[in-house]
Amino acid sequence: MDLVNVYSQYEISPIAAKGSTIMLDNGDNLLDFYGGHGVISVGHGHPIFIDKLKAQLDSLVFYSNAVLNPLQSELAGKLGTISGCPLYDLFLCNSGAESNENALKLASFKTGKSKVLAFRNSFHGRTSAAVAVTDIPSINAPINKGHEVVFAKMEDFEFVGATIEKGDLCAVIIEGIQGVGGLDEPSTAFFKFLQSKCTQYEVVLIVDEIQSGYGRSGDFFAHQRHGIEPDIITMAKGMGNGFPIAGLLLKKGWEIKKGMLGTTFGGNHLACSAGIAVLDILDTENVLHNVDRVSNYLLEELKGLNGLQKIKGRGLMLGLEFDFAIAELREKLLLEQKVFTGASSNKNLLRILPPLTITTAEVDVFVQALKAALKNLNHG
Ligand SMILES: Cc1ncc(COP(=O)(O)O)c(C=O)c1O
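Since this is a predicted model, take the numbers as computed values, not measurements.

Undergrad: What's the story with the sheet that holds strand β5 (residues 115-119) in this structure? I'm lost.
TA: One key point about sheets: their strands pair by backbone hydrogen bonds, in either a parallel or an antiparallel sense. Read across the open sheet, the seven strands follow the order β4-β10-β9-β8-β7-β5-β6; overall the sheet is mixed. The two strands at the open ends of the sheet, each matched to only one other strand, are β4 (88-93) and β6 (149-152). Taking the axes of each pair of neighbouring strands and ignoring which way they run, one obtains an average angle of 20° across the sheet. Direction of pairing for β5 relative to strand β7 (residues 169-175): parallel, over a ladder of three bridges. Bridge pairing in β7 places V116 opposite A171.

Undergrad: Can you help me understand the site of the ligand in this one?
TA: Residues in close proximity to the ligand total 13 residues, the closest being G96, A97, D208, Q211 and K237. Contact distances for the ligand include 2.9 Å between an oxygen atom and a side-chain N or O atom of Q211. Note that an oxygen atom of the ligand is positioned 2.8 Å from one of the side-chain N or O atoms of K237. Considering the ligand on its own, with 390 Å² of exposed area, one finds that the protein chains cover 82% of that surface. Of all the elements, helix α4 (residues 96-111) adds the most residues to the shell around the ligand, at three residues.

Undergrad: Would you take a moment to explain the packing of aromatic side chains for this structure?
TA: Between two aromatic rings, the relevant description is the distance of the centres plus the angle of the planes. For the structure shown, the criterion picks out 12 aromatic pairs. Pairing F157 with F190 gives two aromatic rings, centres 5.2 Å apart and planes at 80°, and the pair type is edge-to-face. Taken as a pair, F157 in helix α6 (residues 157-165) and F190 in helix α7 (residues 188-200) lie far apart in primary sequence, 33 residues in all. Assessed through its relative accessible area of 0%, F190 is described here as buried. Across from the ring centre of W254, 4.3 Å away, lies the NZ or CZ of K110, which sits over that ring. For the cation-ring pair, R330 lies above Y34, with the distance from its terminal atom to the ring centre recorded as 5.9 Å.

Undergrad: For this particular structure, what's the right way to read the pattern of salt bridges?
TA: Pairing between side chains becomes possible if they bear opposite charge and their charged atoms approach one another. Scanning the entire structure with this criterion turns up 13 salt bridges. Residues K252 and D89 are paired through a salt bridge, measuring 2.4 Å at the closest nitrogen-oxygen approach. Pair noted here: K252 is in the loop between β10 (246-251) and α8 (269-284) and D89 is in strand β4, with a separation of 163 residues, a long-range link. Taking the relative accessible area as the measure of exposure, D89 reaches 36% and is therefore partly exposed. Salt bridges sharing partners connect three or more residues here, namely E185, D219, R225 and R314.

Undergrad: How do you make sense of the nonpolar core when you look at a structure like this?
TA: In this structure, Y214, L320, F322, L329, F366 and L370 are the most contacted members of the largest nonpolar core, which totals 57 residues. Among the elements that line this core, the one with the most residues is α8, at 10 residues. The residue makeup of this core includes at least three contributed by each of domain 1 (14-38 + 310-355) and domain 2 (47-284). With sequence-adjacent residues up to four places away left out, L320 is seen in contact with L302, L308, K310, I311, N348, L349, L350, I352, F366 and L370. If you look at the next biggest cluster of nonpolar residues, it comprises 24 residues, including V116, V133, A171 and L248.

Undergrad: Could you clarify how one ought to interpret the packing of α6 against α7 in this entry?
TA: Contact pair α6 / α7: the axes reach a minimum separation of 10 Å and the direction vectors enclose 15°. Relative to α7, the element α6 is oriented roughly parallel. Handedness of the α6/α7 crossing: right-handed. Each of F157, V160, G161, I164 and E165 in α6 lies in contact with α7, whose residues at this interface are A189, F190, F193, L194, K197 and C198. Considered class by class, the residues forming the contact of α6 with α7 number eight nonpolar, one polar and two charged.

Undergrad: Looking at this structure, how should I read the sheet that holds strand β1 (residues 14-18)?
TA: Spatially, β1-β2-β3-β13 is the arrangement adopted by the four strands of the open sheet, whose pairing is mixed. If you trace the sheet from one side to the other, it starts and ends with β1 and β13 (339-340), each paired once. Inspection of the sheet shows β1 paired to strand β2 (residues 21-24) by four bridges, in the antiparallel sense. Paired with P14 across the bridge in β2 is L24.

Quick notes on the rules
Residues numbered from 1 in each chain as written. Predicted model: local features only at pLDDT ≥ 70, side-chain atom pairs only at ≥ 80, totals over all residues. Heavy atoms only, no water. Pairing = 2+ DSSP bridges. Helix = DSSP H or I, 4+ residues; strand = E, 2+ residues; numbered from the N terminus. Axes fitted to C-alpha atoms, helices over the stretch in contact; angles between N-to-C directions. Near = heavy atom within 4 Å. Polar contact = N/O pair within 3.5 Å; in protein donor to acceptor, adjacent residues only side chain to side chain. Areas by Shrake-Rupley, 256 points an atom, 1.4 Å probe, with all protein chains shown as cover. Phe/Tyr/Trp six-rings, centres within 6.5 Å; stacked < 30°, edge-to-face > 60°. Buried < 20%, exposed > 50% of the residue type's maximum accessible area, 1.4 Å probe, protein only. Lys NZ or Arg CZ within 6 Å of the ring centre and 35° of its normal. Salt bridge = Lys/Arg side-chain N within 4 Å of Asp/Glu carboxyl O. Core = buried A, V, L, I, M, F, W, Y, C linked by side-chain atoms within 4.5 Å. Domains from an automatic or database assignment. Contact = heavy atoms within 4.5 Å. Parallel < 35°, antiparallel > 145°, perpendicular 65-115°, else oblique. Left-handed = near helix turned anticlockwise from the far one by under 90°. Nonpolar A, V, L, I, M, F, W, Y, C, P; charged D, E, K, R; others polar.

Laid out in structure tokens, this is it:
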């Protein structure tokens, strides 16, 4: 049997990882400034994370949602406190797309409407409604095109206001900071405008924090910087530090009927253990403080770098925008300097999403590697 060939891949094969270091089968070590696409939050192989999962493996891996699972309540309680969102309720599922799919479905159940306002350069996942609100036509199959979606430019107050005022939307969906689209973040004024218009016209405001959440921006959720309270917050990547777990937070007061949402695997015992371990580490090791500290250090160290035009994003969700296409730079970083970084739909933007536990010493290694790679490109 062959694998379905859908991924563009590097010819490298990790066999182990610790902290921010990935070990390959050929004996090489890589510095992980990509975090498996923003997934690694508390670092590879964190001992608390590993011990918790091992203990859970020895007792109970899975039982379905037909029974009580106190780990789910423990996770919700800790998440409410640590995220600063105690006035939300939690539904657990398995992936980012599923989280957005459920959020959009709930918005439609609530309002009885089906049209959604989404944004240019958005990415919300690959399931039916999630991909329909994703601004990448090539990954929308004809079956996805039946959804009613209007795309707006971010910060286009006039068009967005007029679209919401028509009164036929069930939801507005927006990323806390755009990931795949290239690290653009809506302004505080725009977020506040969305919230007030959505409240006025009874439209559900969904903020997709799947990539920007769980401390990656330096705030637990990126939108918290802007003083808004969305109706629904979706989350995934950093939540399980690599173990598949996702969820949505619903502002308290939703009328949910039994059976409206459901999943076989979502919220299973092993997934909850991973989620709880991540929250414990974020809390006890003050990881968000590390994000701010290391991010500020990195920004200082990058000052004056040749060819670097702009730095987008914040915390440890950063886009380094150069005055040239970065594909070759990214490859040189990986193959020659042994540093793994990311890309985005902006061809000039190098995306960095390291574990949130990286150190300033690792930043030094990254910056030296970047300078060396730039030199080899004759841009340094
Ligand atoms: C902002 C955002 N939303 C949704 C998704 C989809 O998540 P998943 O791949 O877990 O379905 C992603 C994945 O990259 C994302 O970055």
